Amino acid sequence: MPVISRGLEGIVAAETRIGDVRGDVGQLIYCGYDINELAGKASYEEVIHLLWHGHLPSKRELDKLTTALRAERELPQGVIDFLTAAPKSATPIDIMRTAVSMLGCYPTVRHDLDMNENEAIAIKLVAQIGIIAAYFHRARCGKDLPPIRKDLGEAAHFLWLMDGKEPTPDAVQTLDVAYVLHAEHGFNASTFTARVVASTLSDMYSAVSAAIGALKGPLHGGANEGVIHMLQEIGSLDRVDEWIDDALAQKKKIMGIGHRVYKVLDPRAPHLKTMATKLSNQLGEPKWIQMSERIAQIMKERKGLNANVDFYSATVYYSLGIPTDLFTPIFAIARASGWTAHILEQLADNRLFRPLSEYAGPEPGKKFVPIEDR
Ligand SMILES: CC(C)(COP(=O)(O)OP(=O)(O)OC[C@H]1O[C@@H](n2cnc3c(N)ncnc32)[C@H](O)[C@@H]1OP(=O)(O)O)[C@@H](O)C(=O)NCCC(=O)NCCS
């Protein structure tokens, strides 16, 4: 009898050399590097190279990658038209999913880059996904679309496009570290989705738009938006205990808490907590981090659950002045590097994903009855 594992829990679906999530010891590995070794030291662009090529870049390799990424920033006019004409009330993650899919209708990639077509598409997707989110945000606010620049790294360029003004070095450094921390996470739901789509020999745009659809859910990347909504609803530190009591009594999930794989602390959380503490103090609004700490403490004591990556990233983004509904798109921007790395790895040694299911319907033998006799 086949064993059923609901949610594929505990199932090893394939080998990967890209990342490893060691849930029992709270360790996250990117191609042999512990995340603690990279966060705050490696730039997001260095991490993209690491995930795509398996090693940190030399200076020459990094120059080549950053030049290629910056050269691919211009969106097709048809996509810009969509972003400016789309309903202003649409959520940015839906717009992002749709626009990434649209990019697949403009399949021109550069052929002078000494790489295969899918690698060139990966560069294009990683270069353009953030521009989609920032431009839609500007357009829905009735603001101009700032010109693309080639003198800024990925994090700085996103902030420039979103705000239309020069980002501060502190904000750039913070977002860059957040990108590094969100870039890769093994066979999480969105990455697995991307690999399943790639395994059918569909195309990269389809795989990444499907991954965005998976990331959107509140049990996955959508949790970071849920965290800020929760903090706003609670409102003040003195209301935290009562609010959590009520939520737990109603069997509600507390966003940003718990993890399918980590049974101890999510190693990304302390980095984000440090940044969130610094930023919310700088902002003169320490209550957000104070409330978060109290929630984390209660959840640890009451349920033995820890904060995950989304818990403190919410306060980090909020303190950077980023609108709440861009939190999940920012997760997608960073994770685009991991998704594309996994798609390339899948395609390099492909095997169609095709699990079995356990049939639980009626025994066969029913006879067809014409509709007028049913
Ligand atoms: C991430 C998540 C889906 C993983 O959960 P999972 O492995 O499927 O675990 P389950 O949902 O089966 O939960 C196991 C137990 O912990 C509880 N639990 C897990 N996460 C919880 C949370 N965030 N709040 C309250 N209770 C939680 C469940 O209620 C359940 O308790 P029970 O056994 O008394 O019924 C889950 O922790 C969750 O929904 N967290 C909130 C969303 C979130 O932050 N997602 C981002 C993940 S990076």
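Every value quoted in this text rests on a predicted model; they were computed, and no experiment measured them.

Caption draft 1: Examining the overall build of the chain more closely. Looking only at helices and strands, the chain features 16 helices and three strands. The C-alpha atoms of the chain give 22 Å as radius of gyration, which agrees with the globular expectation for 374 residues (21 Å, within 12%). Once the C-alpha set of the chain is aligned to its principal axes, its extents read approximately 70 × 60 × 50 Å. Within the chain, the proportion of its 374 residues that are buried is 51%. Pairs at least 24 residues apart make up 75% of the contacts formed inside the chain by residues separated by at least 6 positions. Summing over all exposed atoms, the chain offers an accessible surface of approximately 18000 Å²; the carbon and sulfur share of this is 53%. Charge separation in the chain, taken as the distance between the mean sites of 41 positive and 46 negative side-chain charges, equals 3 Å.

Caption draft 2: Spotlight on the environment of methionine 275. Within the element layout of this structure, methionine 275 appears in helix 13 (residues 268-282). For methionine 275, a relative accessible area of 14% translates into the label buried.

Caption draft 3: Spatial organisation of the site of the ligand. Near the ligand, the surroundings consist of 18 residues, among which Lys253, Ile254, Gly256, Ile257 and Arg260 are the closest. In this structure, glycine 256 approaches the ligand through a main-chain N or O atom, which is 2.8 Å from an oxygen atom. At a separation of 2.9 Å, an oxygen atom of the ligand approaches a polar side-chain atom of arginine 260. In the complex, 67% of the free accessible area of the ligand, which totals 850 Å², lies under the protein chains. Mapping the ligand onto the cavity grids shows that it belongs to the largest pocket.

Caption draft 4: Expanded view of helix 14 (residues 287-303). With 17 residues, helix 14 should cover 24 Å at 1.5 Å per step; its first-to-last C-alpha distance of 23 Å lies within 8% of that length. Looking at helix 14, one finds that the buried residues are Trp288, Ile289, Met291, Ser292, Ile295, Ala296, Ile298 and Met299. In this fold, the buried residues of helix 14 make contact with helix 11 (223-234), helix 12 (240-249), helix 13 and helix 15 (309-319). Positive phi shows up at glycine 304, right after helix 14, with a value of about 65 degrees.

Analysis parameters
Residues numbered from 1 in each chain as written. Predicted model: local features only at pLDDT ≥ 70, side-chain atom pairs only at ≥ 80, totals over all residues. Heavy atoms only, no water. Helix = DSSP H or I, 4+ residues; strand = E, 2+ residues; numbered from the N terminus. Rg over C-alpha atoms; globule rule 2.2 N^0.38 Å. Buried < 20%, exposed > 50% of the residue type's maximum accessible area, 1.4 Å probe, protein only. Contact = heavy atoms within 4.5 Å. Areas by Shrake-Rupley, 256 points an atom, 1.4 Å probe, with all protein chains shown as cover. Lys, Arg positive; Asp, Glu negative; His and termini not counted. Charge placed at Lys NZ, Arg CZ, Asp CG, Glu CD. Near = heavy atom within 4 Å. Polar contact = N/O pair within 3.5 Å; in protein donor to acceptor, adjacent residues only side chain to side chain. 1 Å grid on protein atoms, 1.4 Å probe; cavity = no way out; pocket = protein on both sides within 12 Å on 5 of 7 lines; lining within 4 Å. Sits in = over half its atoms within 2 Å of the grid points. Expected span 1.5 Å × (residues − 1).

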